[in-house]
Amino acid sequence: ASRRAMSPAAPLLRVAIVGGGPAGLLLAKLFGHHPELDVWLFERAAEAEQWSARSYSIALSDRGQAALAAAGALEAVRAEASVARDATVIHAADGSEMRRPYNAGMSTNRPALTACLAALAEGSGALRIVRGVGVDGLALAAEEDGPLEVRLSDGRVEQFDCVVGCDGKWSRVRAAAAECAPAAGEAPWAPETVEEGSWGILFQPGELAPALDPACMHVMVPAPGTPGTLYGLVSPLPGGACHATLVLFDQILSDFPELGPAPGRDAARDWAAGAERGAGDDGAWREALERCLGDRLPLFAEAVRTSTSALVRPRTSWLRLGGPQTYAALGGRVALVGDSAHAMTPST
């Protein structure tokens, strides 16, 4: 397909980027430096992301910062969407601490990083960002070297020379390419879902607790030998807020069955530490969580005191990615980037 773009008289090479998260937007910003490309980015969500299960802190390593620098985005992200990250501090329930330094680290969160990259990408070259439209399927063209037919969620079918899947762990592009692979004489990708014995509860306190250093990632662990297994993570975010995640394992259910994972999708719960008990499931859930944290992670309980709601996640799952060990398919016309391109490893 790329041969058509090499001729000065040929039309622009049409590229579809699927997924408007950090990977897709960074790729769009990079492609914006190439005037021979006609780039479209499709994001299934109609609105920019706010707080959700994916609002976790993102630590930007040297490699991450190098990728941002290559796209000319590092300084903007540093100024608008990041906080300094000096160390990880591990807090034990007995009050002791262990500090693990970072080297010139940066930390951000997904909504802030996405907003910053979207603003930069929208000013880059021949790029169109289409929100509220995803990709539902792919089809090979009749001619051997022809463009791919891309079936969009709004019912349209468009033709693109290349499709890049940046649509995450459950990539629809990866699945659609696997469906087309036999017709192209290729072996398909074959992801397998594996469920873990753990899940998370997410909080977004209005501010970082005074006892916690805003330049550090904080990990809270119970005292050795405490029945039930859990730990807490508190990550400072731009603007003085923070994100907190409580990770629980199946062993906790023998003492606190109310704290089990959500069945299949995220479940919002009312939460205010120390608030008057209400009737119904949320009241029993909140009381169980307060007892659990007070016994095992008192510092985490203090850290989420200003949260008014919590998001209970389903049981964690990860992918074992079988099939060809490659990031490209259909003769190089489909590529995978980010979480769509690799197996997601377990957290236990």
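Please read these numbers as outputs of a predicted model, since none were measured by experiment.

Looking at the overall build of the chain
Phase 1: Tallying secondary structure elements over the chain gives eight helices and 20 strands in all.
Phase 2: Taking all contacts inside the chain whose residues are at least 6 apart in sequence as the whole, residues at least 24 apart take part in 71%.
Phase 3: Total accessible area computed for the chain in this model is approximately 16400 Å², and 53% of it derives from carbon and sulfur atoms.

Notes on the pairing of strand β8 (residues 148-152)
Phase 1: Where burial is concerned, the two faces of β8 differ: the one with Leu 148, Val 150 and Leu 152 is buried and the one with Glu 149 and Arg 151 is not.
Phase 2: Bridge analysis of β8 against strand β9 (residues 157-160) gives four bridges, and the strand direction is antiparallel. In the sheet register, Leu 148 faces β9, and the bridge partner there is Phe 160.
Phase 3: Count of turn residues in the β8/β9 antiparallel hairpin: four residues, of which Gly 155 carries a positive phi of about 95 degrees.

Quick look at the sheet that holds strand β6 (residues 127-131)
Phase 1: The strand order across the open sheet built from six strands is β6-β2-β1-β10-β20-β19, with neighbouring strands paired in mixed fashion. Looking at the sheet topology across the chains shown, the edges are occupied by β6 and β19 (328-329).
Phase 2: Sheet topology note: the β19/strand β20 (residues 334-336) ladder contains two bridges and is antiparallel. Among the inter-strand pairings, Ala 329 is bridged to a residue of β20, identified as Val 334.
Phase 3: The strands touched by helix α6 (residues 172-180) are β1 (13-18), β10 (162-165), β19 and β20; relative to β20, the strand with the most contacts, the crossing angle is about 140 degrees.

Observations concerning the pairing of β1
Phase 1: Judged by how many residues are buried, β1 sits mostly within the fold: five of six residues are covered.
Phase 2: Sheet analysis places β1 next to strand β2 (residues 37-43), joined by six bridges and oriented parallel. Among the inter-strand pairings, Val 15 is bridged to a residue of β2, identified as Val 39.
Phase 3: Tracing the backbone out of β1, into helix α2 (residues 22-31) and back to the parallel element β2 gives a crossover that is right-handed.

Describing the environment of Arg 110
Phase 1: As for its placement among the helices and strands, Arg 110 is situated in helix α5 (residues 110-121).
Phase 2: Among the residues examined, Arg 110 registers a relative accessible area of 14% and is labelled buried.
Phase 3: When the C-alpha atoms of Arg 110 and Pro 22 are compared, they prove to be 7.4 Å apart, with 88 residues separating the residues in sequence.

So, the confidence of the model for the chain
Phase 1: Averaged over the chain, the pLDDT score is 83; the fraction of residues at 70 or greater is 87%.
Phase 2: Model confidence for the chain, summarised as mean pLDDT per element, is weakest for helix α1 (residues 3-6) at 38 and strongest for β10 at 96.
Phase 3: In the model, residues 1-9 has pLDDT below 50 throughout and makes 13 contacts with residues more than four positions away in sequence or in other chains.

Describing the pattern of salt bridges
Phase 1: Scanning the entire structure with this criterion turns up 13 salt bridges.
Phase 2: Across the pair Glu 158 and Arg 14 runs a salt bridge, and its minimum N-O distance is 3.9 Å. With Glu 158 in strand β9 and Arg 14 in strand β1, this residue pair connects regions lying 144 residues apart in the sequence.
Phase 3: Arg 99 is the salt-bridge partner of Asp 213, the closest N and O atoms lying 3.8 Å from each other. Residue Asp 213 is found in the loop between β12 (198-203) and β13 (216-221), and its partner Arg 99 is found in strand β5 (residues 97-109); the two are separated by 114 residues along the sequence.
Phase 4: Classification of Arg 99 by relative accessible area gives partly exposed; the value is 49%.
Phase 5: Taken together, the shared-partner salt bridges in this structure form one network comprising Arg 14, Asp 38, Arg 128, Asp 154, Arg 156 and Glu 158.

A few points about α2
Phase 1: Summarising burial for α2: seven of the 10 residues are buried, a large majority.
Phase 2: Listed in full, the buried residues belonging to α2 are Pro 22, Gly 24, Leu 25, Leu 26, Leu 27, Ala 28 and Lys 29.
Phase 3: The inward-facing, buried residues of α2 abut β1, β2, α3 (62-70), α5, β6 and β10.

Thresholds applied
- Residues numbered from 1 in each chain as written.
- Predicted model: local features only at pLDDT ≥ 70, side-chain atom pairs only at ≥ 80, totals over all residues.
- Heavy atoms only, no water.
- Helix = DSSP H or I, 4+ residues; strand = E, 2+ residues; numbered from the N terminus.
- Contact = heavy atoms within 4.5 Å.
- Areas by Shrake-Rupley, 256 points an atom, 1.4 Å probe, with all protein chains shown as cover.
- Buried < 20%, exposed > 50% of the residue type's maximum accessible area, 1.4 Å probe, protein only.
- Pairing = 2+ DSSP bridges.
- Axes fitted to C-alpha atoms, helices over the stretch in contact; angles between N-to-C directions.
- Right-handed = clockwise from strand over helix to strand, strands pointing away.
- pLDDT = per-residue confidence, 0-100.
- Salt bridge = Lys/Arg side-chain N within 4 Å of Asp/Glu carboxyl O.

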